[in-house]
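Reading the structure
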Amino acid sequence: MSALLLLFTCLLLGVLVARFAKPPAGIVHGINWWVINVALPALVLALVPKVKVDTQLWFPVASMWVVFFGAWLLFAVLGKMLGWSRERIGALTLVCGLGNTSFMGYPMMQALHGKEGLALAVVADQLGCFPLLASAGVAVASFYAGRSPQPRVIARRILTFPSFLALVLAAIVGALGGWPPVLDQVFTPIGATLTPLALFSVGLQFKFHLGERQLPALLLGLGWKLLLAPLVALVLGVAAGVGGLTLIVGVLQAAMAPMISAAILADEYELEPSLANTILGAGIVLSLVTIPLGNLLLSR
């Protein structure tokens, strides 16, 4: 409970600062830069060498792909039936197909399952959600915005991303036996800054402005992201014989709130940004209840 209280406090502080204080211009960009380029790589370097490689590690990664492509199929079909615009279909596919598996997922998995759960969350995010955002996410955004994706740019974005480079290095180090203790004691505290700063940043960016005729799309989008998608992931995992903490973390990461970067991508490609940001804000608030509840049910 104390760990979950820390998450809520950091999120609330961000909301209050954005609403009542006057934070300096560019503060969100600065915090996000540190989280993405320093804290996240440090966390990957600290945790990945300690991950126990087993035959079930495919599941947290595969569940991210199931959520994304399931969202694309669902909203393409619903969009055709309900007469939605291409922009709305693209926005829903992005924000309801990609989860906030790092900024929200890491702190929540650490709070609920400690370092072992956090390590599995890193695997799901770095091998599942991030490559999806940089490849299929950009392709979907380009398609529904009437643009052409650039494979070379996508490949460069993935291969030069700091935490991806850290992941490759950490995997090599893990195979060789891990870091010397002195280096581990450097990476761990730097990586620990990710939780409070990431949630504070989420709070600073929190928005909820429901536009006209957006309620059905909001409900359908969050119904997939917070309920149906994790159920599909759960069925997949159980059918494949996955169990224990790997199953729990994979399902909870599938149930995570919509990704902030996906909403930014929707805004960048002019895919109904008001709807994307509303789903993002509502999803973050609801996930503070649905994730602990889902964890309780899965643990039983």
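So, a few notes on the structure that sits alongside this text. Quick caveat, the model's predicted, so the values are computed rather than measured. (Residues numbered from 1 in each chain as written. Predicted model: local features only at pLDDT ≥ 70, side-chain atom pairs only at ≥ 80, totals over all residues. Heavy atoms only, no water.)

In this section: the overall build of the protein chain. In terms of helices and strands, the protein chain carries 13 helices and 0 strands. Tracing the protein chain from N to C terminus, the helices and strands come up as α-α-α-α-α-α-α-α-α-α-α-α-α. Its C-alpha atoms give the protein chain a radius of gyration of 18 Å, within 12% of the compact-globule value 19 Å for 300 residues. Its C-alpha atoms put the protein chain at 60 × 50 × 45 Å along the principal axes. Counting the 300 residues in the protein chain, one finds 50% classified as buried. Summarising the internal contacts of the protein chain: among those between residues at least 6 apart in sequence, 86% fall at separations of at least 24. Just so you have it, the protein chain exposes about 13800 Å², and 70% of that area is on carbon and sulfur atoms. (Helix = DSSP H or I, 4+ residues; strand = E, 2+ residues; numbered from the N terminus. Rg over C-alpha atoms; globule rule 2.2 N^0.38 Å. Buried < 20%, exposed > 50% of the residue type's maximum accessible area, 1.4 Å probe, protein only. Contact = heavy atoms within 4.5 Å. Areas by Shrake-Rupley, 256 points an atom, 1.4 Å probe, with all protein chains shown as cover.)

Turning our eyes to something else, we now look at the nonpolar core. If you look at the biggest cluster of nonpolar residues, it comprises 100 residues, and the most contacted ones within it are Leu-94 and Leu-98. Top element by residues in this core is helix 5 (residues 105-145). It accounts for 19 residues. Setting aside chain neighbours within four positions, we find Leu-98 in contact with Phe-68, Thr-93, Cys-129, Leu-132, Leu-133, Lys-225, Ala-257, Pro-258, Met-259 and Ala-262. (Core = buried A, V, L, I, M, F, W, Y, C linked by side-chain atoms within 4.5 Å.)

On to the pattern of salt bridges, then. Using the criterion set out here, one finds 2 salt bridges in the structure. Between Lys-50 and Asp-184 there is a salt bridge; the shortest N-O distance is 3.1 Å. Highlighted residues: Lys-50 in the loop between helix 2 (27-47) and helix 3 (58-82) and Asp-184 in helix 8 (residues 181-192), separated in sequence by 134 residues. A residue is classified by how much of its surface remains accessible, and Lys-50, at 47% relative accessible area, is partly exposed. For Arg-88, the salt bridge goes to Glu-272, with nearest N and O atoms at 2.7 Å. Here the residue Arg-88 occupies a position in helix 4 (residues 86-97), and Glu-272 occupies one in the loop between helix 12 (260-268) and helix 13 (273-299), the gap between them amounting to 184 residues. Here Arg-88 falls in the buried class, since its relative accessible area comes to 12%. With relative accessibility at 17%, the residue Glu-272 sits in the buried group. (Salt bridge = Lys/Arg side-chain N within 4 Å of Asp/Glu carboxyl O.)

Here we take up the packing of helix 4 against helix 5. In the contact formed by helix 4 and helix 5, the axes pass within 9 Å of each other and the chain directions differ by 170 degrees. By the angle class used here, helix 4 and helix 5 are roughly antiparallel. Listed contacts from helix 5 to Arg-86, Ile-89, Gly-90, Thr-93 and Leu-94 of helix 4 are Gly-137, Val-140, Ala-141, Phe-143 and Tyr-144. Residue composition of the contact of helix 4 with helix 5, by class: 6 nonpolar, 3 polar and 1 charged. (Axes fitted to C-alpha atoms, helices over the stretch in contact; angles between N-to-C directions. Parallel < 35°, antiparallel > 145°, perpendicular 65-115°, else oblique. Nonpolar A, V, L, I, M, F, W, Y, C, P; charged D, E, K, R; others polar.)

A positive phi angle is found at Glu-270, which is not glycine, with a value near 60 degrees. Here Glu-270 lies in the loop between helix 12 and helix 13. Positive phi, close to 40 degrees, is recorded for Glu-272, a residue that is not glycine.

This paragraph deals with the layout of surface pockets. There is about 820 Å³ of room inside the largest pocket. When residues in the lining of the largest pocket are grouped by element, the largest group, 7 residues, is from helix 5. Class assignment of the residues belonging to the lining of the largest pocket gives a composition of 18 nonpolar, 14 polar and 4 charged. (1 Å grid on protein atoms, 1.4 Å probe; cavity = no way out; pocket = protein on both sides within 12 Å on 5 of 7 lines; lining within 4 Å. Points joined across faces, edges and corners; volume = space filled by probe spheres on them.)

This next bit is on the environment of Ala-266. Relative to the assigned elements, Ala-266 resides in helix 12. A relative accessible area of 0% places Ala-266 in the buried class. For the pair Ala-266 and Val-95, spaced 171 residues apart in the sequence, the C-alpha separation amounts to 8.0 Å.

By themselves these figures say nothing about function.
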